[in-house]
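If you want the building blocks of each chain, they are given just below.
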Amino acid sequence: MVRERMVRVRARGMAVAPLAAAVALLALALALAGASGCGGDSLPDTTTSSVAGRSISRIGIVAPEEANDFGWNQEGADAARRLADSLGVEIEVADGAGYDDPGPVLRQLADDGSDLLIAWASGYNVVARQTAGELDVPVIVIGAFEEGLAPGLSQDLETRAQEGAYLAGFLAARMTKTGTLGIVMSADDENWVKMAGGFVAGARAAEPATKLLLAQVGQAGYADAAGGKRVTEGVIAAGADIVFGMGDGSSFGMIQAVETATPPAGADKLWFIDVIGDKTSLDKKGVYLTSVWWDYQPLFERAAKALEEGTFGTQVYYLDLAGDGLKLLQTPHVPEDLWKEIEDVKADIIDGTVEVPVTESKTEVEALIGG
Amino acid sequence: MNGGGASLSVPVLTALVAGAVIAGIPLLLAALGEMVSERAGVLNIGLEGMMLTGAFTGFAATLHWGSPWAGFAAAAAAGLAFGAVMALLCVGLNLDQVVVGIALLVLAQGATSVLHRAEYGASYPRLDAVPGLEIPLIAKVPVIGAALFSQPLVVYLAIALAAAVGWLLRATSLGLELKAAGEEPEALDAAGVSVVATRVFGVLVAGTCAGLGGGFLSIVAAGVFVPFMTNGTGFIAIVIAMLSRGRPLWVVILALGFGIALSLATALQLVGVSVPIDLLNALPFVAVLVALFLFGRGKALPGALGRPFVRGART
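Anyway, here's the lowdown on the structure attached to this text. (Residues numbered from 1 in each chain as written. Chains lettered and ligands numbered in written order. Predicted model: local features only at pLDDT ≥ 70, side-chain atom pairs only at ≥ 80, totals over all residues. Heavy atoms only, no water.)

### Some thoughts on the overall build of chain A
When helices and strands are tallied, chain A shows 12 helices and 12 strands. In chain A, which comprises 371 residues, the proportion classed as buried is 55%. Partitioning the intrachain contacts of chain A with sequence separation of at least 6 by distance along the chain shows that 72% fall at a separation of at least 24. (Helix = DSSP H or I, 4+ residues; strand = E, 2+ residues; numbered from the N terminus. Buried < 20%, exposed > 50% of the residue type's maximum accessible area, 1.4 Å probe, protein only. Contact = heavy atoms within 4.5 Å.)

Next up, the structure:
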């Protein structure tokens, strides 16, 4: 959007004022001279759109935490592995790299022969784009929107996770026995907030009288498993028999609460709805109702294809229901007829019949809950 | 349309009060140990790492032997072992306490992450809830009874430990020696008492208590181990120990106050009041700082805290 707007402004200026155009050209020349003097520190130019295609022989991914978390890090690494399998190329996974400077790790991956890099944390995207420009190795980044685009060099991925959460909310409202649903977030996180809003909208669409309880563990309680358990126990005591938990490591504490707490009056069982990953293999007590699953393989494949065709880094890709990357996990706990209803709602979201609201803060989610 | 917001019913209040206690106990245990170590003159920045080690070891032992008591024993032993390393490096070899503490923290974070991945990364096992010990009659009192007098036995033992530490510091010669090691180690040495042995004792107590606190976190509070799960608890415990200025009762008040603040944050969210969570968490510390400013502006920390003791050296 930003780029389109800039192009329009520039074109209009050239049509109405030749003098201004000359000044603009002079300014552009000066800017280019200045940029060339800055050496490799500048971010890649995002205004070029035609680049030569490239082939991929090895993929390298750097993730901030261990890729066995049944969540963000594991989903990224697993999707990259599936991409490598489908392309028949090698892959190198550098997980547990922390949230600081990913530059050295990306350089090492490139030195090892990776010709497509994946920087798997939103905090990585500035350094990752710089490194890609310096090494001339394309990189996939997340959370940078248009700023993360550089033709042939940097491809940005985003989510419309609220769409999947809408389906989860719809399902939960249909299955609750108490009429009360809990939403627990480990942190003040953009994606958690978006999904919380989608969940509320879906629940209210299914059953307008559904009561929703929202609680956050901490400002950044991603690994706070004890906090996740404590807050979830409070939400259950307040009447929720289904908990939509968003937490990374904290979500294991939330699941523990659902497994061990006494169901509230009116319910004989508690359920947990997860996000990002698939923890069904860990569900020993049959409480794992579903998950808003983020499967990045379709987006990775799209990026790889774009790289070969020379369109890599020219538009933001979204993980959404239409692209089949965002899914509601089907488990045996969901009745068949309800699942068919969910599929219908999914189709309505994809064709635009149902519009899922986008909430950008906890306050907006609270307002949505308040109706 | 039915909006959000729950009423603070008996089950909700019971869960919140019980949650406050459970959240406060790891802080209480770790801060008690840190206070003893600081009284002896050793600042234990590695407390968070010792807690994390205790959390992993306690969880693993509980899972293996099926007994939380085995887990608590293992957690204490792991904390003791880390304390022994710290004592060797900081008291025996007089290395910088801050640098060693940070190194131990990084080591604990890395080691527990690697071990967790190797042992439990594919299964993420979880523990059964630790049963509570009901105190006859008062356990039946609504809210308070169920929340405070039906807790696992280890909760009562932790509070009893605070009383024991208070007695140790105030009524025994060892307590006097600990304080002397932290205030005037040269005077203690001149009196014929080993400063090194006294400080080693303090550091070992800190390690053991931190390990226990970490074990409580994984065995009781979470029922699971995840990497980095201490989430800064060790550093909050250091703040509590410093603010308590050698008074175990203040440790109890601050640790449980922090737990209450956490539960208050949950309660307000459940009733539909929007508040910044971090602001609520800071309330107990703000209250203590105000109390210190008003009533106790004396010397806050031991005079020789963080200073290595070298026999015969001028200070």
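### Side note on the pairing of strand β10 (residues 288–294) of chain A
Residues and elements named next belong to chain A. Counting buried positions along β10 gives 7 out of 7 residues, so the element sits mostly inside the fold. For strand β9 (residues 271–276) and β10, the ladder comprises 5 bridges, and the chain directions are parallel. Residue Ile 273 lies in a different strand from β10, and its bridge partner there is Thr 290. As defined by bridge partners, β10 adjoins strand β12 (residues 326–328) across 3 bridges and the pair is classed as antiparallel. (Pairing = 2+ DSSP bridges.)

### Regarding the sheet that holds strand β5 (residues 154–159) of chain A
Residues and elements named next belong to chain A. Ordered in space as β2-β1-β3-β4-β5-β11, the 6 strands form an open sheet in which the pairing is parallel. In the strand order of this sheet, the two ends are held by β2 (90–94) and β11 (317–319), each with one partner. For this sheet, the mean angle separating the axes of adjacent strands, direction not counted, is 20°. Two strands pair when backbone bridges link them, and strand β4 (residues 139–142) and β5 are joined in this way by 4 bridges, in the parallel orientation. Counted as the bridge partner of Ile 142 is Leu 157 from β5. (Axes fitted to C-alpha atoms, helices over the stretch in contact; angles between N-to-C directions.)

### Some thoughts on the interface of chain A and chain B
The interface of chain A with chain B comprises 49 residues on the first partner and 40 residues on the second. Interface area, chain A with chain B, both sides summed: about 3300 Å², of which 54% is carbon and sulfur. Between chain A and chain B we count 4 salt bridges in total. Between Lys 285 of chain A and Asp 128 of chain B there is a salt bridge whose closest N-O contact spans 3.5 Å. The tally of links from chain A across to chain B stands at 10 residue pairs in polar contact (both at pLDDT 80 or more). With 9 residues, helix α8 (residues 225–237) of chain A is the largest single contributor of residues to the side of chain A that touches chain B. Taken together, the residues of the side of chain A that touches chain B break down into 21 nonpolar, 13 polar and 15 charged. (Buried area = accessible area lost by both parts, 1.4 Å probe. Salt bridge = Lys/Arg side-chain N within 4 Å of Asp/Glu carboxyl O. Polar contact = N/O pair within 3.5 Å; in protein donor to acceptor, adjacent residues only side chain to side chain. Nonpolar A, V, L, I, M, F, W, Y, C, P; charged D, E, K, R; others polar.)

Fair warning: the whole summary comes from geometry, so function is off the table for now.
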